[in-house]
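The lines below spell out each chain.
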Amino acid sequence: MRVPLSWLREYVDLPAGETGRDVQAKLVAAGLEVETVEQLGAGLKGPLVVGQVLAIEELEGFKKPIRYCQVDVGQANGTGEQQNIVCGARNFAVGDKVVVVLPGAELPGGFAISARKTYGKTSEGMICSASELGMSDDHDGIIVLPPEYEVGTDAIELLQLVDEVLDIAVTPDRGYCLSMRGIARETATAYELPLSDPALLDVPAPNSHGYPVKVTDPVGCDRFTARTVTGLDPEAHSPIWLQRRLQKAGMRPVSLAVDVTNYVMLELGQPLHAYDRSRITGAIGVRRAQPGEKLTTLDGIQRVLDAEDLVITDESGPIGLAGVMGGANTEIADTAADPESGQVAGTTEVVIEAAHFAPVSVARTARRHRLSSEASRRFERGVDPEATSAAAQRTVDLLVLLAGGTAEVGVTEIIAPSAPHTITLPADHPDKVAGVPYGRETVVRRLQQIGCDVYGADDLTVTVPSWRPDLTDPNDLAEEVIRLEGYENLPSTLPRPPAGRGLTERQRLHRRVGRALAGAGYVEALNYPFLGEEVLDQFGLAADDPRRDLVRLVNPLSDTEPALRTTLLPGLLGALRRNAGRGEHDLALFETGLVFRATGDEPPAAILPVDRRPTDEQIAGLDAALPHQPRRAAVVLAGDREQAGWWGKGTPVSWADAVEAGRIVAREAGAELIVRQDQQDPWHPGRCAALLAVVDGEEILVGNAGELHPRVTKALGLPERTCAMEIELDRLEQAGAGRVEAPHVSTFPVATQDVALVVDASVPAAEVETALREGGGELLESLRLFDVFTGEQLGEGRKSLAYALRFRAPDRTLTAEEIAASRDAAVSAAADRTGATLRGA
């Protein structure tokens, strides 16, 4: 909302020396967002006067038409002689009054004016356009003034070129501030000055002689006022003061009737519409549109109406979108002269509509048709329903004054019954909200300043003013008191949160996993939890794969990703692909988060009330309607795991790195992973591992790791040999031993024994490792597989697994006999469980 300071002073008697910056500071302190204060006419210096064109000489021989004009400027030039001025505009004639800037003046932007020779003539000044004076962006022609202004009159004062304009960003809850009346009320309150309310007008009572109106939807339109003005002068134009106020407020003058309705809308905040009475057939109606009806709006676009659109009609059908834009078939006719008779034709009779429409209805219509207007912006945010009759009266008065019209005695006013909104609150409620002792007297005074009627002592009964539909509960009233008393007066206090028990074990595990993966060289990549079925097709998932049971969004951000993810891999692989495409070839990314698995047993979610807190049963019902949301951790790798350098060749990533990432995650949960060969999409069938853990004595699948299938890497545009791991944290937590204890560091030496065991090729190395660990007992600190060998000397279908066993006691140095016994026990356990034999034995 653009607010000219000169216009604001009409309603609030501000101190003479108060500037726009001063008013800005006051309004900002009151909670309004005043973005800028524009200084109109900054740098403008006279003489700038009214002149009359006496003669025009057309100059020829130039690329564009040029005119050499003799202009009478009275005594403004000090001599009374005519000024000779070169001008290229064509929209004026001999006898017209124009705006002339004389030598010695300076226009906005530092443009100094002097006599200079151009086009073979000496130009003693300039005839000005609106854009050159900073009035508007119109530079198609120069300003032609009405003939009643005297030659030599100061045009700076006449055109109100010097002013300050406050540009206010009005928040959605402050619709009343989209008017001079609303801003003036806030200004008067901030300065504690009386307000001259422009809506306080003598309005005649409704009668049966007004223009017929029929409202069939009182919910969508609870007020409708119609007034008629006849005998308008079709040649009447908006006076300069009215045009300038519209321009300063950011609107373009159009015609007198339209300018008056726009002016009253800016003044009172009530949108209005003027219909050419000769173009209306029968009574005006308000109803919902019939599906398929069409209306050509004032912007010249034919629109197909929706059944929810509220429309203004006559006997011919829709003539306007209620609260949004009028129809082209009833717009005010442009003034035009008949070339044969010379008579001027135009609108001479208008019907003025001032109505109040439901904000939600107007907002939906404006968005449905992508048609935002000044009227819809105000209706969406809330318009004072009590202002309709005053706005109609103000429009009638201006049309009678400026266009010589006559107001008909008929007044139509349709009002749906309604009661004022009343709120009850304790007098000390604002004190408790702000933590400041305001006292009852201050609370009552501030509420009365915003227009409330307040009654009561300890418990106040507050009747909210009609222009504040945003005040609905005690906290809204408390906020009004606090902002008017000054946010800067609120004490700075730190919040006092209740003592907690710290992070839950679930949260601790989540953080430990993230830190461990980051410490292992992975970079966290957070992705949106959405996916589309196309990526599941690229993964090669079977039709009955549980990962295809998607939870679909009603209003997705992207049509290509309309569902919630059932796996973390699509987002991570997309991040890997983007980074690889930008030149990063060695990548190791990880993500921890939720996936969403629909079970099909979820009940429909209930719609909860908004006027009170939901019950525990209602919240439990919402939780039951949610899909299963297990926590996952996933990694993806490509390129080299260890880069090449002077120390040697690099090490490319492999399936083993993905498996090791799973082991890292499992260690943080205190769980032991069992790794077995598996076949699972989207992994390579020969390079895929199943990650299992023991829960309640039973092995369960917690994830998969390995190299992705070449078909998948090609379909997704990934680097060759890309590897991935995904594991479920909730199941790992169940399999874990709880909180991971810090290891005891022994001060005694470690003894290392290497053993090479020959087993069938089908025996998993993890099974051999488990047997060695169990057989080694408490003295076996750790073991590591460091070599796998196959060859003719072992025999077909046989392989050799070489392990490094580390033995240590916490309280003594082990003897050779103890070490040998532990080693033999470990080998014996492996032989019993897997059929292993010592190589070379």
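These lines cover the structure that appears in this document, whether it is placed above or below. Bear in mind that the values here come from a model prediction, so they are computed numbers and not experimental data.

## Some points on the overall build of the protein chain
Summing up its helical and strand segments, the protein chain has 21 helices and 45 strands in all. Against the compact-globule benchmark of 28 Å for 841 residues, the protein chain has a radius of gyration of 41 Å, which places it well outside the compact range. Principal-axis analysis of the C-alpha atoms places the extent of the protein chain at approximately 125 × 80 × 55 Å. Among the 841 residues that make up the protein chain, the fraction classed as buried is 46%. At a minimum sequence separation of 6, the contacts of the protein chain that also span at least 24 residues come to 70%. Of the roughly 42,100 Å² of accessible surface on the protein chain, a fraction of 50% belongs to carbon and sulfur atoms. Distance from the positive charge centre (83 side chains) to the negative charge centre (123 side chains) of the protein chain: 5 Å.

## Here we look at the environment of Glu413
Residue position: Glu413 is located in strand 26 (residues 406-415). Here the alpha-carbon distance between Glu413 and Pro212, two residues 201 residues apart in the chain, equals 9.8 Å. Among residues more than four places away in sequence, those in contact with Glu413 are Pro206, Arg223, Phe224, Thr225 and Ser389.

## Section: helix 15 (residues 569-581)
Its 13 residues place the ends of helix 15 18 Å apart at the C-alpha level, agreeing with the 18 Å of an ideal helix rising 1.5 Å per residue. For helix 15, every residue scored as buried is listed here: Leu569, Pro570, Leu572, Leu573, Gly574, Ala575 and Leu576.

## A closer look at the environment of Leu692
Relative to the helices and strands, Leu692 is located in strand 39 (residues 683-695). For Leu692, a relative accessible area of 12% gives the class buried. Those residues in contact with Leu692 that lie beyond four places of it in its chain are Glu672, Leu673, Ile674, Arg676, Glu699, Ile700, Leu701 and Val702.

## Here we look at the pattern of salt bridges
Inspection of the entire model under this criterion finds 59 salt bridges. In this structure, Arg483 and Glu186 form a salt bridge, with 2.9 Å as the shortest nitrogen-oxygen distance. Within this pair, whereas Arg483 is found in helix 12 (residues 474-485), its partner Glu186 is found in helix 4 (residues 180-191), the two being separated by 297 residues in sequence. In this structure, Arg483 and Glu186 share a single accessibility class: buried. The partner of Asp730 in a salt bridge is Arg631, with the nearest N and O atoms 2.9 Å apart. Highlighted residues: Asp730 in helix 19 (residues 729-735) and Arg631 in strand 35 (residues 631-638), separated in sequence by 99 residues. A residue is classified by how much of its surface remains accessible, and Asp730, at 17% relative accessible area, is buried. Through salt bridges that share partners, Glu186, Arg468, Asp470, Glu480 and Arg483 make up one connected network.

## Considering the sheet that holds strand 13 (residues 163-169)
A sheet is described by the order of its strands in space; here three strands give the open sequence 1-13-2, paired in antiparallel fashion. Whereas interior strands pair on both sides, the edge strands pair on one side only; in this sheet they are strand 1 (2-4) and strand 2 (33-40). Sheet twist, expressed as the average angle between the axes of neighbouring strands with direction ignored, equals 25°. For strand 1 and strand 13, the ladder comprises three bridges, and the chain directions are antiparallel. Opposite Pro4, over in strand 13, you have Val165 as the bridge partner. Those strands touched by helix 2 (residues 20-29) are strand 2 and strand 13, and its axis lies near 170° from that of strand 2.

Basis of the calculations
- Residues numbered from 1 in each chain as written.
- Predicted model: local features only at pLDDT ≥ 70, side-chain atom pairs only at ≥ 80, totals over all residues.
- Heavy atoms only, no water.
- Helix = DSSP H or I, 4+ residues; strand = E, 2+ residues; numbered from the N terminus.
- Rg over C-alpha atoms; globule rule 2.2 N^0.38 Å.
- Buried < 20%, exposed > 50% of the residue type's maximum accessible area, 1.4 Å probe, protein only.
- Contact = heavy atoms within 4.5 Å.
- Areas by Shrake-Rupley, 256 points an atom, 1.4 Å probe, with all protein chains shown as cover.
- Lys, Arg positive; Asp, Glu negative; His and termini not counted.
- Charge placed at Lys NZ, Arg CZ, Asp CG, Glu CD.
- Expected span 1.5 Å × (residues − 1).
- Salt bridge = Lys/Arg side-chain N within 4 Å of Asp/Glu carboxyl O.
- Pairing = 2+ DSSP bridges.
- Axes fitted to C-alpha atoms, helices over the stretch in contact; angles between N-to-C directions.

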